[in-house]
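# Residue-level structural notes
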Amino acid sequence: MRRRADASQRELARWAGVHHGTVGRIEAGALTPSIALLRRIIAAAGFRLAVVDEFGRVLTPMRDRDDIRDGAGRRYPSHLDTILDPEPGEWWADVYGLARPPETFYRNRAYRDAMRRRSQWEVRVAKYRNVPPPPRVVRPQR
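By convention here, each chain's residues receive numbers from 1 onward along its written sequence. Predicted model: local features are reported for residues with pLDDT of at least 70 only, side-chain atom pairs are reported and counted for 80 or more only, and whole-chain, interface and lining totals are derived from all residues. Side-chain numbers here rest on the full set of heavy atoms in the structure, without hydrogens or water.

### A look at helix α1 (residues 9-16)
Every buried residue of α1 is accounted for by Leu 12, Ala 13 and Ala 16. Mapping the buried residues of α1 onto a view down its axis gives an arc of 100°, with all of them on the same face. Of the residues in α1, the exposed ones pointing more than 90 degrees away from the buried face are Arg 10 and Arg 14. Contact between two residues is taken to exist if any of their heavy atoms lie within 4.5 Å; hydrogens are not considered. Here a strand is any run of E in DSSP of at least two residues, a helix any run of H or I of at least four, and the numbering for each starts at the N terminus. Buried residues along α1 sit in contact with α2 (20-28) and α3 (35-44). Relative accessibility thresholds used throughout: buried, under 20% of the residue-type maximum; exposed, over 50%; partly exposed, between the two (1.4 Å probe, protein chains only). Arc definition: it is the arc formed by the directions from the helix axis to the C-beta atoms.

### Let's talk about the nonpolar core
By size, the foremost hydrophobic cluster in this structure holds 10 residues: Ala 5, Ala 7, Leu 12, Ala 13, Ala 16, Val 18, Val 23, Leu 37, Ile 41 and Ala 45. If you tally residues by element for this core, the top one is α1, at three residues. Look past the residues within four positions of Ala 16 in its chain and what remains in contact with it is Arg 40, Ile 41 and Ala 44. Put simply, a nonpolar core is a bunch of buried Ala, Val, Leu, Ile, Met, Phe, Trp, Tyr and Cys residues held in one set by side-chain atoms that sit within 4.5 Å of each other.

### Details of the environment of Asp 81
With respect to the helices and strands, the residue Asp 81 is situated in the loop between α3 and β1 (82-84). With a relative accessible area of 27%, Asp 81 lands in the partly exposed category. Along the backbone, Asp 81 and Tyr 106 are 25 residues apart, and their C-alpha atoms lie at a distance of 7.0 Å.

### Concerning the packing of α1 against α3
With their axes 8 Å apart at the nearest point, α1 and α3 run at an angle of 110° to one another. Taken as axis vectors, α1 and α3 run roughly perpendicular relative to one another. Considering how the two elements wind past one another, α1 and α3 form a crossing that is right-handed. Here Leu 12, Trp 15 and Ala 16 of α1 lie close against α3, whose contacting residues are Arg 40, Ile 41 and Ala 44. In the scheme used here, Gly and all other residues not listed as nonpolar or charged are polar, with Ala, Val, Leu, Ile, Met, Phe, Trp, Tyr, Cys and Pro taken as nonpolar and Asp, Glu, Lys and Arg as charged. Tallied by class, residues from the contact of α1 with α3 come to five nonpolar, no polar and one charged. Where helices are involved, their axes are fitted lines through C-alpha atoms of the stretch in contact, as for all axes, and angles between N-to-C directions lie from 0 to 180°. In what follows, roughly perpendicular refers to angles from 65 to 115 degrees, roughly parallel to angles under 35, roughly antiparallel to angles over 145, and oblique to any angle outside these ranges. By definition, any crossing whose near helix is turned counterclockwise from its far helix by less than a right angle is left-handed, and any crossing with a clockwise turn is right-handed.

### A look at the pattern of salt bridges
Every case where a carboxyl oxygen of Asp or Glu lies within 4 Å of a side-chain nitrogen of Lys or Arg is listed as a salt bridge. Counting across every chain of the model gives two salt bridges. Asp 53 serves as the salt-bridge partner of Arg 57, at 2.9 Å between the closest nitrogen and oxygen.

What follows is the structure, given as C-alpha cells:
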C-alpha cells in the first residue's frame, strides 16, 4: 500500500500523524495496529479498508432502520433477519402466550439460512436462471 502511494515510511507517518517508527514496526511485523490506527494509516495513503467475501466481493453495510425496535426501544440482534408483521408461529414467544410484536426474527439458524437461500433463488431470477431451486423449507418443530 505504501509503495502504491509512492511514500516513504516518514512521509506516510507524517500524513497519518503517527511516529515514523510506528509505520516501520507495523511493516516489520513487530507491531499489530488497532483497526482505528490501521484505517488512519491506510486513509493517509489514499486507500480504505474493506471487508470482502470468499469470492472477493466487497461487503456493504446493511441498511439500518430506526423504526424496527423491540418494546424496550432496543434494536434486534443484527445477525438475525427481521420479520415484519409476523404470523402465528413466526415469533418465538408464541409458545409462552405473549403479546405479538410488530416484528420478530427466526432463532433457528439453519431455518433462517435455508429461507434466505430460497428467497435469493426466487428473487434473483436472472442470476439463478439455470440453477435448480433449493429444497423447500420446512419449519422445524419445537
